[in-house]
Amino acid sequence: MGTGLAGYTDILKAPHAARLLAGTLVGRLPNAVAHIAIVLFARAEGGSYTLAGALAAVYGLTTAAGQPLLGRMVDLYGQPRVQLPAAVLSALGMAVLAVSGIGSLAVAYTAVAVAGFFTPPLEGGLRALWPDVLGRQDRVHRAYAMDAIAQEVMFTVGPLLVTLLVWLMSPAAALLAVNAVGVLGALSVVVSEPSRTWRSAPREAHWLGALRSPGLLALLGCFFFVGLALGSITVAALSYAEGRGGDAVYGWFMAALGLGALVGGVAYGARDWAGAPERRLRVITGLLALGYLPLMLTPGVPAMTALGAVSGLFLAPAIACAFLVVDRHAPRGTVTEAFSWLVTTFGVGAAVGTAAAGPAVEFAGTAAGFAVAGGGGIAALLVLLATGRVLAAPGSGADVAPADENDRSGAAEPGFSSGHRA
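All figures in this text were calculated on a predicted structure; none of them were measured in a lab.

Remarks on the overall build of the chain
Thought 1: What the chain contains, in helices and strands, is 19 helices and two strands.
Thought 2: Burial analysis of the chain (422 residues in total) assigns 54% to the buried set.
Thought 3: Of all intrachain contacts in the chain linking residues separated by at least 6 positions in sequence, the fraction that spans at least 24 positions is 83%.
Thought 4: Summed over its atoms, the accessible surface of the chain is roughly 16200 Å², and 71% of this surface lies on carbon and sulfur atoms.

Written as structure tokens, this is what we have:
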């Protein structure tokens, strides 16, 4: 059993693991940079900031709407039949925007809506594959942490990459290139043997799908507020940077936030954890909330940058632990949909946090913007505390697949579920 950093090497040496992780990250690149690419393209075409922001917002909202629906289709019909066609349709939507421009607003809005709605649920799909690929639950736990770490890297490097493409070519060419690469990433995943043979466990027909699980609903409520906290920080940090060095200070703060998440994720995944992940998630969320509160002090730049790193330490561990909780509470046959709901809820929370922090900063100052983040962290913890009884009983109120059906290695803790091979 690999421990420490050797545990990550052990995972990457597993058949298909490195390819699936790399393919998924590349396939998700368009989603990571879309909001930036859309804004840069709209501005280059002569559009206003209002139009650029509106187009980016439509993309975000339609992505949030499409992820759980596409995730349900993956559970029903398998990954290749859904992931690759969705990736192609999403890329075509962006191609229409790049070619037609913003001359027709109806076409522009429709194009970004199509691109957003058909964003393939590669993130949820990868997490559904890990149990089959890695077998042991301890390795899957570490893979979830590695996934969260890789996500932080992607959302740091992605914006730099799209900016470089715009500088070297043009905003339109950057849109086309990024989405073409995304299709190739999705293709790499779906032609792999684990993706082709994966099948969701048999599911009970129910219109609520994964949402009929009380435990999953509790987790989604928690991560709505975690997303809200993170979204509000992006606005509050921008306000803090004004008058203190501008873009450079903002960049350093956000980089410190990302570095903290990377360090925390690596440390969390490098060791084995005993006990139920639900209890562990409460502790991690409490520490996450505590990390956000000192940001309201808004000290000098060096101290604020250090506080940014501290505030990010428990983000990746919280996400990785949440993946385990999702797997334990997802009703049988809905694991991809359940993971997609977590992605959607987190994204919606971030959008709400961004919207809430703006007025808070405008009317009460920078500290008030960071107070929104602190409040979001506390609210996330309160949700977990209030729903502790529901979370303590995986499968209550929902038909969760038994361990012997989904965990062929027999190593997973009770409630651990996934799909199965054909």
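On we go from here.
Some details on empty space enclosed by the protein
Thought 1: Enumeration over the complete set of coordinates arrives at two cavities of 30 Å³ or more.
Thought 2: By volume, the largest cavity amounts to about 80 Å³.
Thought 3: The wall of the largest cavity is formed by Gly27, Pro30, Asn31, Ala87, Ser90, Ala91, Thr119, Pro120, Asn179, Gly182 and Val183.
Thought 4: At the level of elements, helix H3 (29-44), helix H5 (80-100) and helix H9 (171-190) are the ones that each hand at least two residues to the lining of the largest cavity.
Thought 5: Looking at the lining of the largest cavity residue by residue, the classes come out as five nonpolar, six polar and no charged.

A closer look at the nonpolar core
Thought 1: Core analysis: the biggest nonpolar cluster contains 77 residues, and Trp130, Leu134, Phe223 and Phe370 have the highest contact counts within it.
Thought 2: Among the elements that take part in this core, helix H11 (residues 214-241) stands out by supplying 14 residues, more than any other.
Thought 3: Counting 26 residues, the second largest nonpolar core, distinct from the first, contains Ile102, Val112, Ala115 and Leu175.

Digging into the side chain of Gln83
Thought 1: Along the chain, Gln83 falls in helix H5.
Thought 2: Gln83 sits in the buried class, given a relative accessible area of 1%.
Thought 3: At 3.3 Å, the side chain of Gln83 and the backbone oxygen of Pro121 are in polar contact.
Thought 4: For Gln83, the contacting residues outside a window of four places in its chain are Val74, Pro120, Pro121, Leu122, Gly125 and Val190.

Reading the values: rules and limits
- Residue indices follow the written sequence of each chain, beginning from 1 at its first position.
- Side-chain atom pairs in this predicted model are given and counted only at pLDDT of 80 or more, local residue features only at pLDDT of at least 70, and totals for whole chains, interfaces and linings cover all residues.
- For side-chain calculations, the full set of non-hydrogen atoms in the structure is used, while hydrogens and water are omitted.
- Each helix corresponds to a stretch of at least 4 residues labelled H or I by DSSP, and each strand to a stretch of at least 2 residues labelled E; elements are numbered beginning at the N terminus.
- Classification of residues uses two cut-offs on accessible area relative to the type maximum, computed with a 1.4 Å probe and protein chains only: under 20% is buried, over 50% is exposed, and between them is partly exposed.
- In what follows, residue pairs with any heavy atoms lying within 4.5 Å of each other are defined as contacts.
- Per-residue and other accessible areas were derived by the Shrake-Rupley procedure at a 1.4 Å probe size, with only the shown protein chains allowed to occlude residues.
- Two kinds of site are reported from a 1 Å grid over the protein atoms alone, namely cavities, where a 1.4 Å probe fits but cannot get out, and pockets, open sets with protein on both sides within 12 Å along at least five of seven lines, and residues are called lining when an atom falls within 4 Å of a point.
- Grid points are joined across faces, edges and corners, and a volume is the space filled by probe spheres set on the points.
- Each residue gets one of three labels, nonpolar for Ala, Val, Leu, Ile, Met, Phe, Trp, Tyr, Cys and Pro, charged for Asp, Glu, Lys and Arg, and polar for the others, Gly among them.
- Put simply, a nonpolar core is a bunch of buried Ala, Val, Leu, Ile, Met, Phe, Trp, Tyr and Cys residues held in one set by side-chain atoms that sit within 4.5 Å of each other.
- Whenever a nitrogen or oxygen atom comes within 3.5 Å of another N or O atom, the pair is scored as a polar contact, on the condition that within protein one atom can donate a hydrogen and the other can accept it, and that pairs from neighbouring residues in sequence are kept only if both atoms are in side chains.

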